[in-house]
Amino acid sequence: MIAYIVRRLLLLIPVLLIVGVVVFTLMHLTPGDPASVMLGREATPEQKDALRERLGLNEPIPVQFVNWFGSALRLDFGDSLFIGKPVTQALLDRAEPTGLLALYSITLAVLIAIPAGVIAAVRANSPLDRLLMVVSISGVAIPSFFFGILLILLFAVVLGWLPSGGYVDIGDDPVEHFRYMLLPTLTLGFSAAGLLARLVRSAMLDVLNEDYVRTAYSKGLVERHVVIGHAFRNAMIPVLTVIGISLAGMLGGAVVIETVFNIPGLGRLLVQSVTRRDIPVVQGAVMTVAAIEVLVMLLIDVLYVFVDPRIRYGAD
Amino acid sequence: MALTETMAGAGRVAPPRRGLWRLAAITPASPYYWVRLLLQNPAVVVSLVFLLVILLMALLAPVIAPVDPTFVDPGDRLEPPSSTFWFGSDDLGRDVFSRVVYGARISLLVGITVMVGAMVLGSLIGLVAGYYPRADTLLMRIMDGLEAFPSILLALTIMATLGPAVENVIVALSVVYTPNIARLVRGTTLMNRQQTYVESARAIGMRDFAIMRRYIFANSLSPLIVQGTFVVAFAILTEASLSFLGAGVPPEIPTWGSIVSGGQPRLQQAWWISVFAGAFLFATVLATNLIGDGLRDALDPRSRKR
């Protein structure tokens with residue numbers, strides 16, 4: 001098991017290398033001189049030279065990449081061009097709202113999607129199943145920013161119960177914190193729940209057709225036991241994978257949701273950095289998110305062992 | 001040669017020529033049975049009709065829209081929906097209905113071109129990776145790298161490089177959805193490559209390219225069509241998100257995403273700006289998804305029972 005985890009961690013390096021090449025290449029495809037693009041038209045030649053020197057742009061491209069990737073592995077992405085602090089610090093400052101939003105949303109999504117998907121599968125093709133599937137496909141199809149705006153319209157503008165945007169630190173005032181996070185969590189959680197519920201349903205349907213489920217019924221077990229004890233556990237593997245993918249996708253979803261609800265998180269920082277071409281921050285944020293996504297997927301693979309004891313890693 | 005062709009043709013049942021009421025004439029033995037299954041699905045029929053309306057709206061936008069979508073009239077700011085302004089007017093006095101009608105153009109253009117772009121690129125990469133084991137590792141690791149980003153992040157990064165323009169959005173989203181198609185085509189290629197008909201084709205000296213086209217790609221078509229439909233839906237959604245964030249199409253071109261975003265600060269006084277554009281966006285993506293689901297059920301015999 002430990003050997004497996006170590007091997008998987010080592011395999012992360014080539015994946016991150018490819019991600020790094022993609023990010024680095026993209027940022028260097030920018031037409032024109034990056035220094036002029038970043039500084040704008042009014043910059044003097046001396047300023048541009050200084051920036052080029054600071055960013056190491058006078059080195060050959062492969063050397064630049066090796067330097068940049070080497071520092072990135074040590075979590076050093078250079079300094080932001082606008083905020084006036086190291087990129088890593090800027091990312092850390094913004095990590096809390098995004099992390100909490102992702103955590104709340106995935107919890108909500110799992111709490112909605114698993115019961116909904118299981119019930120839909122057990123009562124397949126019933127009116128209840130149809131209703132649940134219509135709701136879940138709407139969750140997949142509705143643009144999250146539009147759903148967020150509808151929630152703001154109802155709960156903030158019409159009813160006036162909840163704030164329409166902003167953020168309160170959980171340490172400052174936990175009650176207010178949750179009041180501010182409720183609508184963003186509902187928005188992000190609902191769209192993730194849609195995909196998850198559909199997957200839980202189809203995974204459960206596969207398992208419910210297995211012989212051992214029929215055996216369980218025929219030896220007289222009550223439905224609840226069969227569904228939870230026999231079927232659900234076996235349907236968990238594909239479901240866990242999608243929970244992992246959804247959790248990583250939350251970081252992408254946060255980009256949009258944080259803009260809708262004006263939350264000062266990583267996503268907003270990234271959007272702001274894209275519009276003002278703060279390239280070190282964009283590189284740092286994108287690399288970090290990709291690394292988190294890859295780590296989450298590794299974590300999910302390790303969790304399989306606990307869900308399904310038949311899976312043994314490293315025994316080959 | 002002519003004889004074998006006639007014999008092969010004889011086994012086929014002709015597709016219906018005289019409208020939908022002949023649908024029942026397509027038997028399960030027909031290669032067009034999926035058309036019958038598809039058109040017997042009410043959700044698919046409603047979705048197809050809706051998308052047809054949206055397509056006409058996009059094509060005939062200059063005829064349908066009452067005024068120029070960029071026409072600013074300071075005297076008519078924030079008018080609620082009425083017989084003159086069907087969907088109301090925005091904070092600059094522009095007609096929201098006209099803007100929504102023109103917005104359909106960008107959504108459909110991006111959805112369809114990105115699907116074509118991703119299908120062409122993804123099919124080529126998937127075929128080569130699946131057919132030539134030596135190219136496989138390199139190509140698929142690049143695809144892994146592209147897939148390690150959430151799609152909106154990769155699209156944002158590419159847009160940061162290319163700058164706001166419709167064609168850049170199309171390029172960015174085609175790159176984003178290529179790995180998805182490539183993985184699918186690689187899978188079907190690997191499966192088909194083992195089949196005896198591919199072996200025989202190789203034995204009679206057919207070229208690799210011809211084998212890929214006639215035996216491998218042709219057999220990958222049904223999952224590819226299903227996936228392509230979902231790519232249209234995702235591309236429309238992601239384009240709208242990019243425009244909402246101000247990182248997509250330039251702001252002077254009306255798109256559903258940018259209309260919703262422009263209406264958000266005015267939600268208190270003028271709900272109609274965001275709500276109509278958002279509703280069209282939602283309905284279009286939903287209809288595309290429903291058609292994708294219907295196609296999958298119709299083309300895949302395993303999922304028919306469900």
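The preceding data block contains the structure.
Residues numbered from 1 in each chain as written. Chains lettered and ligands numbered in written order. Predicted model: local features only at pLDDT ≥ 70, side-chain atom pairs only at ≥ 80, totals over all residues. Heavy atoms only, no water.

## Side note on the packing of helix α7 (residues 144-158) of chain A against helix α12 (residues 272-299) of chain B
Reasoning step 1: Running from N to C, α7 of chain A and α12 of chain B cross one another at 140 degrees; their axes reach a closest spacing of 10 Å. When the axis of α7 of chain A is compared with that of α12 of chain B, the two are oblique. For the crossing formed where α7 of chain A meets α12 of chain B, the hand is left-handed. Between α7 of chain A and α12 of chain B, the contacting residues are Phe145, Phe146, Ile149, Leu150 and Leu153 of chain A on the first element and Ser274, Val275, Gly278, Ala279, Leu281 and Phe282 of chain B on the second.
Reasoning step 2: Here the residues of the contact of α7 of chain A with α12 of chain B are counted per class, giving nine nonpolar, two polar and no charged. (Axes fitted to C-alpha atoms, helices over the stretch in contact; angles between N-to-C directions. Helix = DSSP H or I, 4+ residues; strand = E, 2+ residues; numbered from the N terminus. Parallel < 35°, antiparallel > 145°, perpendicular 65-115°, else oblique. Left-handed = near helix turned anticlockwise from the far one by under 90°. Contact = heavy atoms within 4.5 Å. Nonpolar A, V, L, I, M, F, W, Y, C, P; charged D, E, K, R; others polar.)

## Some points on the interface of chain A and chain B
Reasoning step 1: Each side of the interface is counted separately: chain A has 44 residues, and chain B has 43 residues.
Reasoning step 2: Roughly 3,700 Å² is buried in total at the junction of chain A and chain B, and carbon and sulfur atoms are behind 78% of that figure.
Reasoning step 3: Where chain A packs against chain B, one counts one salt bridge.
Reasoning step 4: Put simply, Arg198 of chain A and Asp293 of chain B hold a salt bridge, and the shortest N to O gap is 2.7 Å.
Reasoning step 5: There are two residue pairs in polar contact (both at pLDDT 80 or more) connecting chain A and chain B.
Reasoning step 6: Looking at the side of chain A that touches chain B, the elements that each hand over two or more residues are α1 (2-28), α6 (127-141), α7, α8 (174-208), α10 (223-260), α11 (266-275) and α12 (279-307) of chain A. (Buried area = accessible area lost by both parts, 1.4 Å probe. Salt bridge = Lys/Arg side-chain N within 4 Å of Asp/Glu carboxyl O. Polar contact = N/O pair within 3.5 Å; in protein donor to acceptor, adjacent residues only side chain to side chain.)

## Quick notes on the environment of Ile158 of chain B
Reasoning step 1: Assignment of secondary structure puts Ile158 of chain B in helix α7 (residues 151-162).
Reasoning step 2: According to the relative accessible area criterion, Ile158 of chain B is buried, its value standing at 5%.
Reasoning step 3: A sequence separation of ten residues divides Ile158 of chain B from Asn168 of chain B, and the C-alpha atoms of the two residues are 8.4 Å apart.
Reasoning step 4: Discounting residues that sit within four places of it in the chain, Ile158 of chain B has contacts with Leu26 of chain A together with Ala172 and Val175 of chain B. (Buried < 20%, exposed > 50% of the residue type's maximum accessible area, 1.4 Å probe, protein only.)

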